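Per-entry structural report
The primary structure of each chain is shown beneath.
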Amino acid sequence: MANPIKIIVAGPRGRMGKEAVMLVNNTPEFELVAVIDRRNNGVMLSDLDGFSNMNVRIYSDVEECFQNVEADVLIDLTIPETGYIHTKTALSYGVRPVVGTTGFTKEELEELKELAEEKEIGCIIAPNFAIGAILMMKFSQMAAKYFDNVEIIEMHHDQKLDAPSGTAVKTAEMISENRSSQKQGHHDEQETISGARGADYEGMRIHSVRLPGLVAHQQVLFGADGQSLTIRHDSYNRASFMSGVKVSVETVMTLNTLVYGLEHILD
Ligand SMILES: NC(=O)C1=CN([C@@H]2O[C@H](COP(=O)(O)OP(=O)(O)OC[C@H]3O[C@@H](n4cnc5c(N)ncnc54)[C@H](OP(=O)(O)O)[C@@H]3O)[C@@H](O)[C@H]2O)C=CC1
Ligand SMILES: O=C(O)C1=N[C@H](C(=O)O)C[C@H](O)C1
């Protein structure tokens with residue numbers, strides 16, 4: 001067997017980070033070499049509940065982690081401000097980032113792309129790792145050729161920090177490749193309660209629902225005279241994202257640029 005891919009996971013105590021640590025630990029071609037966590041600096045991960053047998057050090061200082069640990073890939077599942085710093089630092093140390101964290105600005109994505117190209121190493125930033133969600137986005141992009149009236153409803157658990165979701169933003173971006181910017185609804189419509197019509201992305205409306213009990217769900221609604229089309233995807237658990245994380249780790253090793261969105265690396 002070839003040498004395993006050496007991986008650092010940032011955000012290991014989080015809902016996604018925990019799942020990613022398990023994925024790395026259970027994949028023979030992967031090796032967990034460290035984790036980055038703002039708490040528990042210097043402690044072994046195995047000392048935390050739920051991580052028995054994972055004998056890697058926790059680093060709170062990102063620079064210190066990359067200086068001390070030889071790694072091929074960083075998996076980041078944190079928050080946008082931190083994820084951006086982690087990604088930038090990883091690239092500067094020649095470590096390939098696989099980033100699931102959502103909420104980066106266009107400028108940040110552009111800056112990270114330039115850095116990856118300057119360093120000539122791969123980086124994958126994927127707002128959604130679930131294959132079904134990628135298909136939902138691609139089908140929506142296809143449908144937009146025929147339907148130019150579209151509204152996106154994304155529904156998530158109530159612990160989610162960013163709104164709209166990264167998936168909803170990516171969906172709108174993909175649809176906008178097949179739809180010109182245009183206002184929807186009545187030209188004189190008025191919100192009697194602010195926000196009633198949702199966020200506005202080139203005239204498309206994005207509605208964010210947050211409820212306990214939900215995981216990650218999205219429907220894209222298209223309407224035309226006398227008909228409608230609904231494209232929906234549901235993630236019922238975080239395991240649904242892990243096959244995408246695995247493919248991303250394998251693929252990032254072969255890239256020399258930044259790829260934004262899993263649709264670009266799936267056949
Ligand atoms: N691409 C995809 O397929 C998916 C992406 N996501 C995205 O992944 C990210 C994580 O989601 P999820 O696991 O649900 O979130 P959680 O809140 O469960 O986990 C976030 C982790 O980041 C850490 N963190 C928070 N703030 C900071 C900070 N200032 N500095 C360092 N670490 C920090 C948290 O540590 P602490 O406990 O100390 O706060 C925690 O370990 C989100 O951006 C989410 O949108 C989620 C699901 C799928
Ligand atoms: O925070 C989440 O849970 C999720 N975040 C991602 C997003 O913002 O699109 C992916 C998925 O929807 C779950």
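Every residue gets a number counted from 1 within its own chain, in the order that chain's sequence is written. Chain labels run from A onward and ligand labels from 1 onward, assigned in the order the entries are written. Local features in this predicted model are restricted to residues whose pLDDT is 70 or higher, and side-chain atom pairs enter the listing and the counts only when it is 80 or higher, whereas totals over whole chains, interfaces and linings include all residues. The side-chain values count all of the structure's non-hydrogen atoms but skip hydrogen atoms and water molecules.

By the naming in an unreviewed UniProt entry, the protein chain goes by 4-hydroxy-tetrahydrodipicolinate reductase and is assigned to Lederbergia citrea. UniProt positions are given in the numbering used here, feature names are shortened, and annotations may be inferred rather than shown by experiment. In its Function (unreviewed entry) section, UniProt records this for the protein chain: "Catalyzes the conversion of 4-hydroxy-tetrahydrodipicolinate (HTPA) to tetrahydrodipicolinate." According to the UniProt record, the Sequence similarities (unreviewed entry) comment for the protein chain is "Belongs to the DapB family."

As for the site of ligand 1
Note on definitions. A residue lies near a molecule or strand when any single heavy atom of the residue is within 4 Å of it. Surveying the vicinity of ligand 1 reveals 21 residues, the closest of which are Arg 13, Met 16, Arg 38, Thr 102 and Phe 129. Taking Arg 13, its side chain carries an N or O atom lying 2.8 Å from an oxygen atom of ligand 1. In protein, a polar contact requires one atom able to donate a hydrogen and another able to accept it; more generally it is a pair of N or O atoms within 3.5 Å, and residues adjacent in sequence count only if both atoms are side-chain atoms. Here an oxygen atom of ligand 1 sits 2.6 Å away from a polar atom, N or O, in the side chain of Arg 38. Surface accessibility follows the Shrake-Rupley procedure with a 1.4 Å probe radius. Residue values consider only the protein chains on display as shielding. Taken by itself ligand 1 offers 920 Å² of open surface, and the protein chains cover 79% of this. Using a 1 Å grid laid over the protein atoms alone, points where a 1.4 Å probe fits but cannot get out form a cavity; open sets with protein on both sides within 12 Å along at least 5 of 7 lines form a pocket; any residue with an atom within 4 Å of a point counts as lining. Each molecule is checked against the cavity or pocket grid, and it sits inside if more than half of its atoms lie within 2 Å of the grid points. One can see that ligand 1 is located within the largest pocket. Classifying every residue of the shell around ligand 1 by side-chain character gives 7 nonpolar, 8 polar and 6 charged. Note on residue categories: nonpolar means Ala, Val, Leu, Ile, Met, Phe, Trp, Tyr, Cys or Pro, charged means Asp, Glu, Lys or Arg, and polar means any other residue, Gly included.

Let's talk about the sheet that holds strand E1 (residues 5-10)
With parallel pairing, 7 strands are arranged side by side in an open sheet as E3-E2-E1-E4-E5-E6-E12. The open sheet has two free edges, formed respectively by strand E3 (58-59) and strand E12 (258-260), since each of these has just one partner strand. One bridge is not enough; two strands pair if DSSP finds at least two bridges between them. Segments assigned H or I by DSSP are reported as helices when at least four residues long, segments assigned E as strands when at least two residues long, and all are numbered from the N terminus. Two elements, strand E6 (residues 123-125) and E12, share 3 bridges in a ladder whose sense is parallel. Residue Ile 125 lies in a different strand from E12, and its bridge partner there is Tyr 260.

A word on the nonpolar core
Counting 55 residues, the largest nonpolar core has Ile 7, Val 9, Leu 45, Ile 75, Phe 129, Phe 222 and Val 249 as its most contacted members. In this analysis, two residues are considered to be in contact whenever any of their non-hydrogen atoms come within 4.5 Å of each other. Leave out the neighbours within four places in its chain, and Val 9 touches Gly 17, Ala 20, Val 21, Val 24, Leu 32, Ala 34, Val 35, Ile 36 and Ile 75. By size, the runner-up hydrophobic cluster in this structure holds 14 residues, among which are Ala 10, Val 33, Leu 74 and Ala 90. In this description, a nonpolar core means a group of buried Ala, Val, Leu, Ile, Met, Phe, Trp, Tyr and Cys residues linked to one another through side-chain atoms lying within 4.5 Å. Burial here depends on accessible area, computed with a 1.4 Å probe over protein chains only, as a share of the maximum for the residue type. Under 20% is buried, over 50% is exposed, and the range in between is partly exposed.

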